[in-house]
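Chain residues, written in single-letter form:
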Amino acid sequence: MTSDSSSLTTTRPAAPAPDADAPATPAPGVQLTVSATTVATSPAAEVRSPAGSRWSLAANGSAPSPMEALLGALAACQVLTYQHWAARLGLALEECQATVHGRFDPRGFQGDPAASGVGFSDLRVIVHLRGPEPAERYQALADEVDRHCPVHDTLGHGVPIDRVLEVRPGRD
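Remember, it's a predicted structure, so these values are computed and weren't measured experimentally.

**Focus on the overall build of the protein chain**
Then, number 1: Helix and strand content of the protein chain: 3 helices and 7 strands.
Then, number 2: Order of helices (α) and strands (β) in the protein chain, N terminus to C terminus: β-β-β-β-α-β-β-α-α-β.
Then, number 3: The contacts of the protein chain with a sequence gap of at least 6 include a subset with a gap of at least 24, amounting to 55%.
Then, number 4: Total accessible area computed for the protein chain in this model is approximately 13,000 Å², and 56% of it derives from carbon and sulfur atoms.

Here you go:
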């Protein structure tokens, strides 16, 4: 075992200077952090949240894949946002179900140059609502959800990703 605790840290090149009209400080908000760990012999990654919950993701069918988890995050965020906005708008909502379909070419992950890409090429959210309100009121609810669902917004508009790489010495 080595006692060298140094690490190599690299980051992407700095982003271009912000637009003159952009705010000088980050937007207010809550930072969420989730970590995932795997070792060379494991077919799965263990994911942990700060609240202590743990779950596994895998690409071999032994657990949901990260791609399925992304779809699940969108579906869950949709139904929770429908529930929140229905209450806020005073709408009776007996049931809400969201199903998310995503299309991607798995050859991209394998490095096949014939692949159409690596991530999802399109997503489709199908929402089923049940309740006594007129359809127009549920359409207004859907419009609010489209404007306020955080996962929908993130996936629909993209978000910059700042990767930081820290390399630790291997074990003897």
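**Some remarks on the environment of Thr 38**
Then, number 1: Within the secondary structure, Thr 38 is located in the loop between β2 (35–37) and β3 (44–48).
Then, number 2: In this structure, the C-alpha to C-alpha distance between Thr 38 and Ala 58, residues 20 residues apart in sequence, is 10.0 Å.
Then, number 3: Those residues in contact with Thr 38 that lie beyond four places of it in its chain are Ala 44 and Ala 45.
Then, number 4: A polar contact of 2.8 Å, which involves the side chain of Thr 38, links it to the backbone oxygen of Ala 44.

**Concerning helix α1 (residues 66–89)**
Then, number 1: Helix length check: α1, at 24 residues, gives a terminal C-alpha distance of 34 Å against a target of 34 Å (1.5 Å per residue), a fit within 8%.
Then, number 2: The inward-facing, buried residues of α1 abut β5 (95–104), β6 (120–130), α2 (135–148) and α3 (150–157).
Then, number 3: At the C-terminal side of α1, Gly 90 shows a positive phi close to 70°.

**Quick word on the pairing of strand β4 (residues 54–58)**
Then, number 1: Inspection of the sheet shows β3 paired to β4 by 5 bridges, in the antiparallel sense. Residue pairing in the sheet places Ala 44 in a bridge with Ala 58 of β4.
Then, number 2: With antiparallel pairing between neighbouring strands as the criterion, β3 and β4 make up a hairpin whose turn holds 5 residues, including Gly 52 at a positive phi of roughly 100°.

**Regarding the side chain of Ser 49**
Then, number 1: In this structure, Ser 49 sits in the loop between β3 and β4.
Then, number 2: For Ser 49, a relative accessible area of 18% translates into the label buried.
Then, number 3: Discounting chain neighbours no more than four positions away, the residues touching Ser 49 are Thr 33 and Trp 55.

**Quick notes on the nonpolar core**
Then, number 1: One finds Cys 77, Tyr 82, Trp 85, Ala 86, Leu 91, Cys 96, Tyr 138, Leu 141, Ala 142, Val 145 and Cys 149 forming the largest nonpolar core, which totals 11 residues.
Then, number 2: Going through the elements one at a time, α1 and α2 are the ones with two or more residues in this core.
Then, number 3: Each residue touching Leu 91, except ones within four places of it in the same chain, is listed here: Ala 86, Glu 133, Arg 137 and Leu 141.
Then, number 4: By size, the runner-up hydrophobic cluster in this structure holds 5 residues, among which are Leu 71, Ala 75, Ala 98 and Val 100.

**A look at the pattern of salt bridges**
Then, number 1: Applying the stated criterion across every chain, the model contains 8 salt bridges.
Then, number 2: Of the charged contacts, one joins Arg 48 and Glu 46 as a salt bridge, the two residues approaching to 2.6 Å between their closest N and O atoms.
Then, number 3: Its relative accessible area of 29% is what places Glu 46 among the partly exposed residues.
Then, number 4: One salt bridge in this structure joins Arg 130 and Glu 94, with 3.9 Å as the shortest N-O distance.

Thresholds applied
Residues numbered from 1 in each chain as written. Predicted model: local features only at pLDDT ≥ 70, side-chain atom pairs only at ≥ 80, totals over all residues. Heavy atoms only, no water. Helix = DSSP H or I, 4+ residues; strand = E, 2+ residues; numbered from the N terminus. Contact = heavy atoms within 4.5 Å. Areas by Shrake-Rupley, 256 points an atom, 1.4 Å probe, with all protein chains shown as cover. Polar contact = N/O pair within 3.5 Å; in protein donor to acceptor, adjacent residues only side chain to side chain. Expected span 1.5 Å × (residues − 1). Pairing = 2+ DSSP bridges. Buried < 20%, exposed > 50% of the residue type's maximum accessible area, 1.4 Å probe, protein only. Core = buried A, V, L, I, M, F, W, Y, C linked by side-chain atoms within 4.5 Å. Salt bridge = Lys/Arg side-chain N within 4 Å of Asp/Glu carboxyl O.

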